[in-house]
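Secondary and tertiary structure notes
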Amino acid sequence: MLRTSGKTTRVVTSEWSECATEEEKAILDRLESNKLGKVARRLNSLIEMFDEDPDVDRLVLESIQSVAEFFIRNNPPHPAIVADYDGTLALEWRLPLTPPPDEKWQNCDGILCMEFLQSGDIEFFGDARKVGGEEELRIGGVASHKQIMKEIDPFLSRLGN
């Protein structure tokens, strides 16, 4: 903590990967200062993985910025954060089975995927099986940051936070 004029200012002191650019480090710092350290650490790991892999380029900076914006604006339930070979980031949620499956089976009621495009738009796809009296649920399309939560709410509400 740093004190200035009677006010407390938070200073982010995390150590990010040496291969992260200054722009990437600034995004990671912003996530951490918004109490999203888990997201920042995962993105930092992906930055390192892409730097070490000679078969891929860097992560797309605009995609990193877009993922950070999504988390800061919406603070969703934590998904898997993955990257495609082209450096585009995506989020994936697996909907839990109701009732939960036998532990030896890896299964789920559905999946929601969101890809954070270089344009700033978010491409999304969701597919869920019928559960109880509910209908099968399928969504897909491209949305802006302002529209995305309305589009994916039917899936997020099934996660049960």
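Anything mentioned here points back to the structure above.
Notes on the structure follow. For every chain, the first residue of its written sequence is number 1, and the numbers climb from 1 along that sequence. Totals for whole chains, interfaces and linings use every residue, but because this is a predicted model, local features are given only for residues with pLDDT of at least 70 and side-chain atom pairs only at 80 or more, for both listing and counting. With hydrogens and water set aside, each side-chain value is computed from the structure's full complement of heavy atoms.

**Here we look at the pattern of salt bridges**
What counts is decided by this rule: Whenever a carboxyl oxygen of Asp or Glu lies within 4 Å of a side-chain nitrogen of Lys or Arg, that contact is scored as a salt bridge. Helix and strand definitions follow DSSP, with helices as H or I runs of at least four residues and strands as E runs of at least two, each counted in order from the N terminus. Each residue's exposure class comes from its accessible area (1.4 Å probe, protein chains only) as a fraction of the maximum for that residue type: buried when under 20%, exposed when over 50%, partly exposed otherwise.
Under the definition given, this model contains five salt bridges. Put simply, Glu24 and Arg58 hold a salt bridge, and the shortest N to O gap is 2.7 Å. Of this pair, Glu24 sits in helix H1 (residues 22-33) while Arg58 sits in the loop between helix H2 (37-52) and helix H3 (61-74), and the two are 34 residues apart along the sequence. Since its relative accessible area comes to 3%, Glu24 is described here as buried. Overall, Arg58 belongs to the partly exposed group, its relative accessible area being 36%. Taking the shortest distance from any N to any O, the salt bridge between Asp127 and Arg138 comes out at 2.8 Å. Of this pair, Asp127 sits in strand E6 (residues 122-128) while Arg138 sits in strand E7 (residues 137-143), and the two are eleven residues apart along the sequence. Three or more residues are tied together by salt bridges with common partners; here these are Glu24, Asp51 and Arg58.

**Focus: the sheet that holds strand E5 (residues 110-116)**
Put simply, the rule reads: Note: two strands are recorded as paired if DSSP finds a minimum of 2 bridges between them. In this analysis an axis means a line fitted to C-alpha atoms, helices contributing only their contacting stretch, and an angle means the value between N-to-C directions, from 0 to 180 degrees. Should any heavy atoms of two residues lie within 4.5 Å, those residues are considered in contact.
Reading across from one edge, E3-E4-E5-E6-E7 is the order of the five strands in this open sheet, with antiparallel pairing throughout. The open sheet has two free edges, formed respectively by strand E3 (80-83) and E7, since each of these has just one partner strand. Between one strand axis and the next, the sheet turns through 15° on average, direction left out of account. As judged from the four bridges shared by E3 and strand E4 (residues 89-95), these two strands associate in the antiparallel manner. Paired with Ile81 across the bridge in E4 is Leu91. Across the sheet, H2 is in contact with E3 and E4; its angle to E3 comes to roughly 25°. In the packing of H3 onto the sheet, the strands contacted are E3, E4 and E5, and the crossing angle to E4 comes to about 40°.

**Re the packing of H1 against H2**
For clarity, the threshold we go by: Should an angle fall under 35 degrees it is called roughly parallel, over 145 degrees roughly antiparallel, and 65 to 115 degrees roughly perpendicular, with every other angle called oblique. Each crossing is labelled by how the near helix is turned from the far one, with a counterclockwise turn of less than a right angle marking it left-handed and a clockwise turn marking it right-handed. Residues are sorted three ways: Asp, Glu, Lys and Arg are charged, Ala, Val, Leu, Ile, Met, Phe, Trp, Tyr, Cys and Pro are nonpolar, and all the rest, Gly among them, are polar.
At a closest axis distance of 7 Å, the pairing of H1 and H2 adopts a crossing angle of 160°. The angle between H1 and H2 falls in the class roughly antiparallel. The chirality of how H1 crosses H2 is left-handed. Across from Glu24, Leu28, Leu31 and Glu32 in H1, the residues of H2 making contact are Gly37, Val39, Ala40, Arg41, Leu43, Asn44 and Ile47. Per-class residue counts for the contact of H1 with H2 are six nonpolar, two polar and three charged.

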